[in-house]
Amino acid sequence: MLNREEVLDVRGGVNAYLPRLMYDCLYGSGLRHKECRRLRIKNLCFSERMVVVRNGKGDQDRVTVLPDSLSERLQEHIELRRRQHEHDLGNGFGDVYLPYSLAQKYPNEARKFCWQFVFASPQIRRDPRTKKHWRHHVSASVLADAFAKALQKSSCDKNAVPHTLRHSFATHLLEDGADIRTVQELLGHKDVKTTMIYTHVMNRPGLSVKSPLDRLSGQREEGKRKPK
């Protein structure tokens, strides 16, 4: 888990546009790395300030918070994606992979903008599963590589990966007084015991007590200051 200063420190080294936006989504909404990559345009609900996560871990759907500070940048990014999608359509492409049997039931849905990935690949590639050419979501390395380089340049000595931002999201919410059941729902945990791990981290022994060595040192300093 990264503390708030470390989140900012590492973030300062993620300079590229797309990895920075993904970094903020993971920390700002508590998304898993894979969930972030698989976000579709229709999953972002700006007026309701929420992100709808489809088919998360355990094939579960959930809703999490969309940060106000991220909303404007994401809307600008979506407009860039809209122009990119229109360009793809003009070149005879524009289809996207649809989950499960949706592609068979609704063959025209694959070309609609709402189904496009938020964080799409910069290239149109041939999908070996369907033999179709389309713009899939970005690979895991896009954020992972940028994160690793930023971590190395930062003053943070912890062993962290993009998923660590999700842990930080949960811990910092609880530190700010959020109800554990709310955090459980935002993270998509089936059992609240899983969420309670973060409270154990917050309340682990040693954080809220004062070492006897510190008290002894304080008494010594106080003795030095007393007038003779």
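See above for the structure.
Per chain, residue numbering runs from 1 following the sequence as it is written. Restriction of local features to residues with pLDDT of at least 70 applies here, the model being predicted, together with a cutoff of 80 or more for giving and counting side-chain atom pairs; totals for whole chains, interfaces and linings are based on all residues. Excluded from the side-chain calculations are hydrogens and water; all other atoms, namely the structure's heavy atoms, are used.

Engineer: Looking at this structure, how should I read the overall build of the protein chain?
Structural biologist: Each helix and strand counted, the protein chain has ten helices and five strands in total. With 228 residues in all, the protein chain has 40% of them scored as buried. We call two residues in contact whenever any of their non-hydrogen atoms come within 4.5 Å of each other. Expressed as a percentage of contacts within the protein chain between residues at least 6 apart in sequence, the contacts between residues at least 24 apart total 56%. Surface exposure here means Shrake-Rupley accessible area, sampled with a 1.4 Å probe, where a residue is shielded only by the protein chains that are shown. For the protein chain, the accessible area works out to roughly 13,800 Å², and carbon and sulfur atoms hold 52% of it. By the criteria applied, helices consist of DSSP H or I runs no shorter than four residues and strands consist of E runs no shorter than two, each listed in order from the N terminus. Relative accessibility thresholds used throughout: buried, under 20% of the residue-type maximum; exposed, over 50%; partly exposed, between the two (1.4 Å probe, protein chains only).

Engineer: Help me understand the environment of Thr195 in this model?
Structural biologist: For Thr195, the location among the structural elements is in helix H9 (residues 192-202). Overall, the relative accessible area of 0% leaves Thr195 in the buried class. Ignoring anything within four residues of it in the chain, the contact list for Thr195 reads Ile180, Val183, Gln184, Leu187 and His189. In protein, a polar contact requires one atom able to donate a hydrogen and another able to accept it; more generally it is a pair of N or O atoms within 3.5 Å, and residues adjacent in sequence count only if both atoms are side-chain atoms. Side-chain polar atoms of Thr195 contact the side chain of His189, separated by 2.8 Å.

Engineer: Please explain helix H6 (residues 141-153) as it appears in this structure.
Structural biologist: Along an α-helix, a turn takes 3.6 residues, which lines up residues three or four apart on a common side. With 13 residues, H6 should reach 18 Å at 1.5 Å per residue; the first-to-last C-alpha distance of 18 Å fits that figure. Looking at the packing, one finds that the buried side of H6 touches helix H1 (4-11), helix H2 (17-29), helix H3 (33-37) and helix H7 (164-175). For a helix, the expected span equals 1.5 Å multiplied by the number of residues minus one.

Engineer: Would you mind going over the state of the cysteines with me for this structure?
Structural biologist: Here a disulfide denotes one covalent bond, and it connects the sulfur atoms of two cysteines. The definition used for a disulfide is geometric: two cysteine sulfur atoms within 2.5 Å. Scanning the entire structure with this criterion turns up zero disulfides. The cysteine Cys25 is free of any disulfide, with Cys36 supplying the nearest cysteine sulfur at 4.8 Å. The class of Cys25 is buried, set by a relative accessible area of 4%.

Engineer: So what exactly am I meant to see when it comes to the pairing of strand S2 (residues 50-53) here?
Structural biologist: Residues in a regular strand project their side chains so that they alternate between the two faces of the sheet. If DSSP finds at least two bridges between two strands, the strands pair. Inspection of the sheet shows strand S1 (residues 44-45) paired to S2 by two bridges, in the antiparallel sense. Its bridge partner lying in S2, Cys45 is registered against Met50. Adjacent in sequence and paired antiparallel, S1 and S2 are bridged by four residues, among which Arg49 carries a positive phi angle near 55°.

Engineer: Can you walk me through the packing of H2 against H6 in this structure?
Structural biologist: The axes of two packed helices give the description: the angle between them and the distance between them. Relative orientation of the contacting elements H2 and H6 amounts to 90°, with a least axis distance of 9 Å. Compared by their axis directions, H2 and H6 come out roughly perpendicular. Contacts between H2 and H6 pair Pro19, Met22, Tyr23 and Leu26 from the former with Val142, Leu143, Ala146 and Phe147 from the latter. A fitted line through C-alpha atoms serves as each axis, taken over the contacting stretch for helices, and the angle formed by two N-to-C directions is quoted from 0 to 180°. Angular relationships are summarised with four words: roughly parallel below 35 degrees, roughly antiparallel beyond 145, roughly perpendicular across 65 to 115, and oblique for the angles in between.

Engineer: Explanation requested: the nonpolar core in the structure shown.
Structural biologist: Buried together is how nonpolar side chains tend to be arranged in soluble globular proteins. Leu2, Val10, Tyr23, Leu44, Leu74, Phe119 and Phe147 are the most contacted members of the largest nonpolar core, which totals 33 residues. Contributions of two or more residues to this core are made by H1, H2, S2, helix H4 (68-90) and H6. For this core, the element with the most residues is H2, which contributes six residues. Those residues in contact with Phe119 that sit more than four places away from it in its chain are Leu18, Leu21, Met22, Cys25, Cys36, Arg37, Leu39, Leu74, His77, His137 and Val138. Only buried Ala, Val, Leu, Ile, Met, Phe, Trp, Tyr and Cys residues count toward a nonpolar core, and they belong to the same one when joined by side-chain atoms within 4.5 Å. One finds Ala170, Leu174, Val183 and Leu187 within the second-largest nonpolar core, a separate group that totals seven residues.

Engineer: Sorry, what's going on with the sheet that holds S2 here?
Structural biologist: In sheet architecture, strand pairing relies on hydrogen bonds along the backbone and comes in two forms, parallel and antiparallel. Taken together, three strands build an open sheet; the order of strands is S1-S2-S3 and the sheet is antiparallel. Edge positions in the sheet fall to S1 and strand S3 (62-65), since each has one partner strand and no second.

Engineer: Teacher, can you tell me more about unusual backbone geometry here?
Structural biologist: Both trends apply: most residues other than glycine have a negative phi, and most peptide bonds are in trans. Of note in the backbone geometry, Arg49 takes a positive phi value of approximately 55° without being a glycine. With respect to the element layout, Arg49 can be found in the loop between S1 and S2. You will see that Lys131, though not glycine, has its phi angle at about 70°, which is positive. Tracing the sequence through the fold places Lys131 in the loop between strand S4 (125-126) and strand S5 (133-134).

The analysis is restricted to geometry; functional conclusions fall outside its scope.
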